Amino acid sequence: MTQTRTELASTWPPTAAVAKAAGHKPKSPMSAIREKCLDCCCGQPSEIRSCETVKCPLWPFRSGTHPYTSARMKNPLQETDFTESEAA
């Protein structure tokens, strides 16, 4: 039996089965964020790179990588700046 969009949307939180029924394939959260950024920028990767919507909660993740993992914090000064800005 096929569920309607309303029935699919009413399942909260969505399960893997509901997501599959809605046409979604398994993906990482970072991939989903990147896809949303591509959608917002009309499918133009160059627009994602130059995105100036810094208040968007997805903006730090737009490259498809997690900016706050220790491997990404290569510059100790960046880590200090991040910690200080969080304390303010």
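You'll find the structure just up there.
Reading the values: rules and limits
- Residues numbered from 1 in each chain as written.
- Predicted model: local features only at pLDDT ≥ 70, side-chain atom pairs only at ≥ 80, totals over all residues.
- Heavy atoms only, no water.
- Phe/Tyr/Trp six-rings, centres within 6.5 Å; stacked < 30°, edge-to-face > 60°.
- Buried < 20%, exposed > 50% of the residue type's maximum accessible area, 1.4 Å probe, protein only.
- Helix = DSSP H or I, 4+ residues; strand = E, 2+ residues; numbered from the N terminus.
- Salt bridge = Lys/Arg side-chain N within 4 Å of Asp/Glu carboxyl O.

S.K.: Break down the packing of aromatic side chains for me, with residues and values.
M.R.: Here the structure, examined in full by the defined rule, presents 1 aromatic pair. With a centroid separation of 6.0 Å and 75 degrees between ring planes, the pair formed by Phe61 and Tyr68 is classed as edge-to-face. Looking at Phe61, the relative accessible area reads 16%, which means it is buried. For Tyr68, a relative accessible area of 39% gives the class partly exposed.

S.K.: I'd love a proper account of the environment of Pro29, names of residues and values included.
M.R.: Mapped onto the fold, Pro29 is located in helix H3 (residues 29-40). Remark: the alpha-carbon pair of Pro29 and Thr65, spanning 36 residues in sequence, is separated by 10.0 Å.

S.K.: Mind laying out the pattern of salt bridges, listing which residues take part and the relevant values?
M.R.: This structure, assessed with the given rule, holds 2 salt bridges. With a closest N to O distance of 2.9 Å, Lys27 and Glu35 form a salt bridge. By relative accessible area, which is 43% here, Glu35 ends up partly exposed. The closest approach of N and O atoms between Asp39 and Lys36, which form a salt bridge, is 3.1 Å. Linking Asp39 with Lys36, this pair stays in helix H3, spanning 3 residues, or about one helical turn.

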